[in-house]
Amino acid sequence: MHIGILTGGGDCPGLNAVIRAVSLALITECGARVSGIRRGFLGLLEHQVLALDPGVVGGILAQGGTILGTHNRCDPFHYFAAGGADVSAELMAYVLELGLDGLVVIGGDGSMAIADKLSRIGLPVVGVPKTIDNDLCLTDRSFGFDSAVAIVAEALDRLETTARSHGRVMIAETMGRYAGWIALAGGIAGAADVILIPELPYSVEAVAEVCRRREQQGAGHTLICIAEGAHPREAAMVVSQTLADSPDPLRLGGVGAVLAHQLQTMVSSEVRQTLLGHVQRGGAPTAFDRILATQFGWAAAQLVKDRRFGRMVVLQGSEMRDVALAEVAGRNRLVPLDHPWLLAARSLGLSLGQGS
Ligand code: F6P
């Protein structure tokens, strides 16, 4: 049995832990030959592979990033480098040449949509849900989320002491394009006073009101955690770049700076902002993510072993299950407005930028 593994889309803590678990489980349980495909689907077009054996994957559990490299601009069904042509037949020809009996795709919604299309044209594929954004459908968790939340919480802890010392309003901007999971969980863990997420368009006046109230009550400082995709009721998301050659061309970033500018005219304290950016995607995975990534990798290897292709492994409650790739492809999982984290935040007196 010869199985390929690739990592697609943005990187994320825990990718190497999955690569290790899939490889070791397949080698140990089936005596499989395992090949790593470099730079996501691009590696199957550029013929870049790497043999994965216990010696190669042995020491990578805690390493951040991905030893295979990744790419978020290669959709073989609409390949920008070839003027938007469908080059999936070329990709399939190379899969045949390599003699792959299956491919494990570790990626987010974009990669799962490609994996689903490849599965429909005959490639035996298994998916593993990756994204710090935690916005993949039908899984309660994607690995990488816990690590990103830990970084946001630590950043807020640090911002709080300097905010307190200076009596400032401090804004921390997190990743999370359409779903506010990172800002919500990070904000709760880091004791933010205000949490702003894309699912709940905010009122700038309501946020200013929280800061003024805290100034009057003597707290003097306010900690705001805002997702990059959050936006005021009357305005759209802040787009920092549009990448013409990317399947998902919008890059966000900068809403924290816009909010800081607006608030500065409405409150007495100084307002400062910090954009956490890719710091949230870098570095070693938390112990939770190492375990989740290992479980996902093992579960993906079981699907391969049982030849149950066209599926993605998921965590539902505390159960490892699997769902059809078609059910996941192209769908986002937003924060439900009745989610227990939102209810708890509200009842503890945190502001979600809605006013009283
Ligand atoms: O999908 C994960 C994510 O981290 C988003 O939260 C963020 O908007 C995006 O990737 C950034 O991607 P890039 O690495 O291309 O800037």
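Our structure's up above, just so we're on the same page.
The text that follows walks through the structure, step by step, so that each part is easy to find. (Residues numbered from 1 in each chain as written. Predicted model: local features only at pLDDT ≥ 70, side-chain atom pairs only at ≥ 80, totals over all residues. Heavy atoms only, no water.)

### A word on the environment of Val126
Quick reminder of the rule: Starting at the N terminus, helices and strands are each numbered in turn, a helix being any DSSP run of H or I of at least four residues and a strand any DSSP run of E of at least two. By the convention used here, residues are in contact when the closest approach between their heavy atoms is within 4.5 Å.
Relative to the helices and strands, Val126 resides in strand β5 (residues 125-129). Each C-alpha atom of the pair Val126 and Gly36 lies 14 Å from the other, and the pair is 90 residues apart in sequence. In contact with Val126, other than residues within four places in its own chain, are Leu103, Val104, Val105, Ala300, Leu303, Val304, Arg308, Phe309 and Arg311.

### What to know about the site of the ligand
Stated precisely, the cut-off is as follows: If a single non-hydrogen atom of a residue is within 4 Å of a molecule or strand, that residue counts as near it. The definition of a polar contact used here is a pair of N or O atoms within 3.5 Å, where within protein one atom must be able to donate a hydrogen and the other to accept one, and adjacent residues in sequence count solely through side-chain atom pairs. Shrake-Rupley sampling with a 1.4 Å probe provides the accessible areas, and residues are treated as covered by the protein chains on show and by no other component. Under the scheme applied, nonpolar residues are Ala, Val, Leu, Ile, Met, Phe, Trp, Tyr, Cys and Pro; charged residues are Asp, Glu, Lys and Arg; polar residues are all the others, including Gly. Where each domain starts and ends comes from a domain assignment, either automatic or drawn from a database.
Around the ligand sit Asn72, Ile132, Asp133, Met175, Gly176, Arg177, Glu228, Arg251, His278 and Arg281, and those are all the residues in its vicinity. Taking Asp133, its side chain carries an N or O atom lying 2.8 Å from an oxygen atom of the ligand. Within the backbone of Gly176, one N or O atom sits 3.3 Å away from an oxygen atom of the ligand. About the coverage of the ligand: the protein hides 81% of its 400 Å² of free accessible area. Partitioned by chemical class, the residues of the shell around the ligand number two nonpolar, three polar and five charged. If you count residues domain by domain, the shell around the ligand takes at least three from each of domain 1 (2-143 + 285-328) and domain 2 (146-278).

### Here's the deal with the sheet that holds strand β7 (residues 194-196)
The cut-off we apply is this: Strands are labelled as partners when DSSP assigns at least two bridges between them. Axes here mean lines fitted to C-alpha atoms, for a helix over just the part in contact, with angles spanning 0 to 180 degrees between N-to-C directions.
Across the sheet, which stays open at both edges, the four strands sit in the order β7-β8-β6-β11 with parallel pairing between neighbours. Among the strands making up the open sheet, the edge pair consists of β7 and β11 (271-275). Taken over all neighbouring pairs, the strand axes of this sheet differ in orientation by 15° on average, direction set aside. Contacts from helix α7 (residues 181-189) reach β6 (169-174), β7 and β8 (222-227) within the one sheet, and its direction differs from that of β7 by about 170°. Each of β6, β7, β8 and β11 is contacted by helix α9 (residues 255-264), which is oriented at about 160° to β6, the strand it contacts most.

### A few points about the packing of aromatic side chains
Short version of the rule: A pair of Phe, Tyr and Trp rings is counted when the ring centres sit within 6.5 Å of each other, with Trp represented by its six-membered ring. The angle between the planes then sorts it: under 30 degrees is stacked, over 60 is edge-to-face, the rest tilted.
Summed over the entire model, instances satisfying the criterion amount to one aromatic pair. Consider the rings of Trp181 and Trp341, whose centres lie 5.9 Å apart with planes at 85°: the pair is edge-to-face. Pair noted here: Trp181 is in helix α7 and Trp341 is in helix α12 (residues 340-347), with a separation of 160 residues, a long-range link.

### A closer look at the packing of helix α1 (residues 15-30) against helix α10 (residues 287-305)
Two numbers describe a pair of packed helices, the interaxial angle and the distance between the axes. Convention followed: Any angle from 65 to 115 degrees is called roughly perpendicular, while one under 35 is roughly parallel, one over 145 is roughly antiparallel, and all others are oblique. Handedness of each helix crossing follows the sense of rotation of the near helix against the far helix: counterclockwise by less than a right angle gives left-handed, clockwise gives right-handed.
Look at α1 against α10: their axes get within 7 Å of each other, and the N-to-C directions meet at 40°. Comparing their axes, α10 and α1 come out oblique. Read as a crossing pair, α1 and α10 show a hand that is right-handed. Every residue of α10 that contacts α1 at Ala17, Val18, Arg20, Ala21, Val22, Ala25, Leu26, Glu29 and Cys30 is listed here: Arg290, Ala293, Thr294, Gly297, Trp298, Ala300, Ala301, Gln302, Val304 and Lys305.

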